[in-house]
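# Summary of the model geometry
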2 protein chains.
Amino acid sequence: MLNNTIPTRMIATSGHQDPAMVLHRVHHQILRSHHLFEPMSDEQLDELLADSQLLNLDKGDILFLQGEPAHSFFFVISGAVKVYRLTPDGQEKVFEVIGERQTFAEAMMLMDTPNYVASAQALGPVQLYRFSNTTYMRLLQSNSRLTFALLGKLCIRLHQRINEIETLSLKNATHRVVRYLLTQLARSDSDELELPMARQLIAGHLSIQPETFSRIIRRLIDEEIITQHARVICILDRQRLEQFE
Amino acid sequence: MLNNTIPTRMIATSGHQDPAMVLHRVHHQILRSHHLFEPMSDEQLDELLADSQLLNLDKGDILFLQGEPAHSFFFVISGAVKVYRLTPDGQEKVFEVIGERQTFAEAMMLMDTPNYVASAQALGPVQLYRFSNTTYMRLLQSNSRLTFALLGKLCIRLHQRINEIETLSLKNATHRVVRYLLTQLARSDSDELELPMARQLIAGHLSIQPETFSRIIRRLIDEEIITQHARVICILDRQRLEQFE
């Protein structure tokens, strides 16, 4: 099922200018970009890599099946892996598509789940690392400093992601309001349009909070893209409105 | 600086039908919705709450200043808190606005940072819990099962957030493509428009990947909202296009 397994131990013991050694160093750097490996020392990362395999999968290769004993977690170097379950009536439900520089099945290791709760299949050619749960957990359990550094990193990443989500949500809301104004405008002959209903109703129609709607209108007025008098909105700069985020 | 400090110990020792006891139970539930408290047993959460304070802040109240010893982390019950730093030339740089049911300063505790690296100020009336770093860390250090359960929860939350970001990014890209088609259409007299440049250039202009652009156009064709022949796009259902996500 899996082909081209390169034991990482072979890479780690090669000479200084050896291409395998260069690859090893590049992979060290790539791994460090991920929160699970970022707080590790070089020695700890080497210890983990010595018990890992670099696998090359073809499209359709199955990495593990739901219910199999969970001994490993994975880090994708290139390509994409689908994590899915089969429903009782045989339908496939995709939970997640794991892309480059992402891990999967690590939460099961940390929560001590004995068997994989889903299956994983290559969506195309994939190169990935398979890591030993036992080795990773031994490193954490023998080093509480590493464990707490990892907890801290995870909290920081979560804060960053929540911020990103807020930014994207505001962008999305802005797109909706601008698109709404443009389509209302298309129904009018001039640069003026009259909002056909109350602010709360328009916001509801656009699935955004009334406060968010008002905030975006306020920004458009502040930027001198529109003016508003009661329900009448006048477009001052249509081109900037079309491009507004 | 802070007013209305209610020691949680007082709440925890009140009688069965006591409003304070009811509040205590409600807060238990609210806390459990957050990953930092979700894996805790009732006893562990009670132990943490016994060393906590429920604080009421007014707009502008400072909770801590950059450089002060970091003894606590916080959970917002209602209102919002600004986390900021002052640059050397006295400019305020806001890192984050912490809203309801979010924590802050917990990453510093986990990473063993001795002093706050930023300042925190109430943006309006705020109610929040102040937790003791010492008590929380004692609970984790004496219970590796709790520590690893927390690590697992954090990994799951991160996967969820990354999925959310991907969904929002695709929505954003879809908004951009639809808005682009609608504005191009506004310049045409019919339901047809000719793309003025190659796919790659339009995608670049909209700050999205060419593959994402093609994927969205493909979805619009599959949904019978548009048809495409070479660079000519014909709008079949303008109303559905205006509302497409």
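Residues numbered from 1 in each chain as written. Chains lettered and ligands numbered in written order. Predicted model: local features only at pLDDT ≥ 70, side-chain atom pairs only at ≥ 80, totals over all residues. Heavy atoms only, no water.

Our next topic: the overall build of chain A. When you go through chain A residue by residue, the secondary structure sums to nine helices and twelve strands. Taken over the C-alpha trace, chain A has a radius of gyration of 26 Å; the compact-globule value for 245 residues is 18 Å, which it surpasses by more than 25%. On the principal axes, the C-alpha backbone points of chain A span a range of 75 × 45 × 35 Å. The burial tally for chain A puts 47% of its 245 residues in the buried class. A sequence separation of at least 24 residues applies to 68% of the contacts in chain A between residues at least 6 apart. (Helix = DSSP H or I, 4+ residues; strand = E, 2+ residues; numbered from the N terminus. Rg over C-alpha atoms; globule rule 2.2 N^0.38 Å. Buried < 20%, exposed > 50% of the residue type's maximum accessible area, 1.4 Å probe, protein only. Contact = heavy atoms within 4.5 Å.)

Another point: the nonpolar core. By size, the foremost hydrophobic cluster in this structure holds 94 residues, and its most contacted members are Phe37, Phe104 and Tyr136 of chain A together with Phe37, Phe104 and Tyr136 of chain B. Those residues in contact with Phe37 of chain A that sit more than four places away from it in its chain are Leu31, Arg32, Leu45, Leu48, Phe73, Phe75, Thr103, Phe131 and Tyr136 of chain A. (Core = buried A, V, L, I, M, F, W, Y, C linked by side-chain atoms within 4.5 Å.)

Listed per partner, the contact involves 53 residues of chain B and 53 residues of chain A. The interface formed by chain B and chain A includes one salt bridge. With its nearest N and O atoms 3.2 Å apart, the salt bridge here joins Glu245 of chain B to Arg176 of chain A. Applying the counting criterion to the chain B and chain A interface returns 15 residue pairs in polar contact (both at pLDDT 80 or more). Considering every element that reaches the side of chain B that touches chain A, the biggest residue donor is helix 6 (residues 144-186) of chain B, with 31 residues. Taken together, the residues that form the side of chain B that touches chain A break down as 25 nonpolar, 14 polar and 14 charged. (Salt bridge = Lys/Arg side-chain N within 4 Å of Asp/Glu carboxyl O. Polar contact = N/O pair within 3.5 Å; in protein donor to acceptor, adjacent residues only side chain to side chain. Nonpolar A, V, L, I, M, F, W, Y, C, P; charged D, E, K, R; others polar.)

We now examine empty space enclosed by the protein. Where empty space is left in the structure can be found by rolling a water-sized probe over the atoms. A full pass over the atoms with the stated rule returns one cavity of 30 Å³ or more. In this model, the largest cavity occupies a volume close to 70 Å³. Lining the largest cavity we find Leu182, Thr183, Ala186 and Arg238 of chain A together with Leu182, Thr183, Ala186, Arg238 and Glu242 of chain B. Of all the elements in the fold, those that place two or more residues in the lining of the largest cavity are helix 6 (144-186) of chain A together with helix 6 and helix 9 (238-243) of chain B. (1 Å grid on protein atoms, 1.4 Å probe; cavity = no way out; pocket = protein on both sides within 12 Å on 5 of 7 lines; lining within 4 Å. Points joined across faces, edges and corners; volume = space filled by probe spheres on them.)

All names here are of chain A. By the bridge criterion, six bridges tie strand 5 (residues 81-86) to strand 6 (residues 92-98) in an arrangement that is antiparallel. If you follow Lys82 over to strand 6, its bridge partner there is Val97. Hairpin remark: strand 5 followed by strand 6, antiparallel, with five residues in the connecting loop; positive phi at Gly90, about 85°. (Pairing = 2+ DSSP bridges.)

Residue and element names in this part refer to chain A. The full count for this structure, using the stated rule, is 22 aromatic pairs over all chains. Arranged with centres 5.1 Å apart and planes meeting at 20°, the rings of Phe74 and Phe104 form a pair that is stacked. Separated by 30 residues along the polypeptide, Phe74 in strand 4 (residues 72-78) and Phe104 in strand 7 (residues 103-104) bring together distant segments of the chain. Phe104 gets classed as buried once you look at its relative accessible area, which sits at 3%. Joined through ring pairs, the aromatic side chains of Phe37, Phe73, Phe75, Tyr129, Phe131 and Tyr136 make up one cluster. Across from the ring centre of Tyr84, 5.1 Å away, lies the NZ or CZ of Lys82, which sits over that ring. (Phe/Tyr/Trp six-rings, centres within 6.5 Å; stacked < 30°, edge-to-face > 60°. Lys NZ or Arg CZ within 6 Å of the ring centre and 35° of its normal.)

Turning our attention to the environment of Arg32 of chain B. All names here are of chain B. Take Arg32: it is sitting in helix 2 (residues 19-32). Residues Arg32 and Asp42, ten residues apart in the sequence, show an inter-C-alpha distance of 9.8 Å. Once you skip the residues sitting within four places of it in the chain, Arg32 turns out to touch Phe37, Glu38, Met40, Ser41, Asp42 and Leu45.

Among the structural elements, Asn172 of chain A can be located in helix 6. Among the polar contacts made by the side chain of Asn172 of chain A, one reaches the main-chain carbonyl oxygen of Leu168 of chain B at a distance of 3.4 Å. The contact partners of Asn172 of chain A, leaving out residues within four places of it in the chain, are Leu168, Lys171, Asn172 and His175 of chain B.

The next thing to look at is the domain arrangement of chain A. What the domain assignment lists for chain A is domain 1 (3-142) and domain 2 (162-243). The distance between the C-alpha centroids of domain 1 of chain A and domain 2 of chain A comes to 46 Å. (Domains from an automatic or database assignment.)

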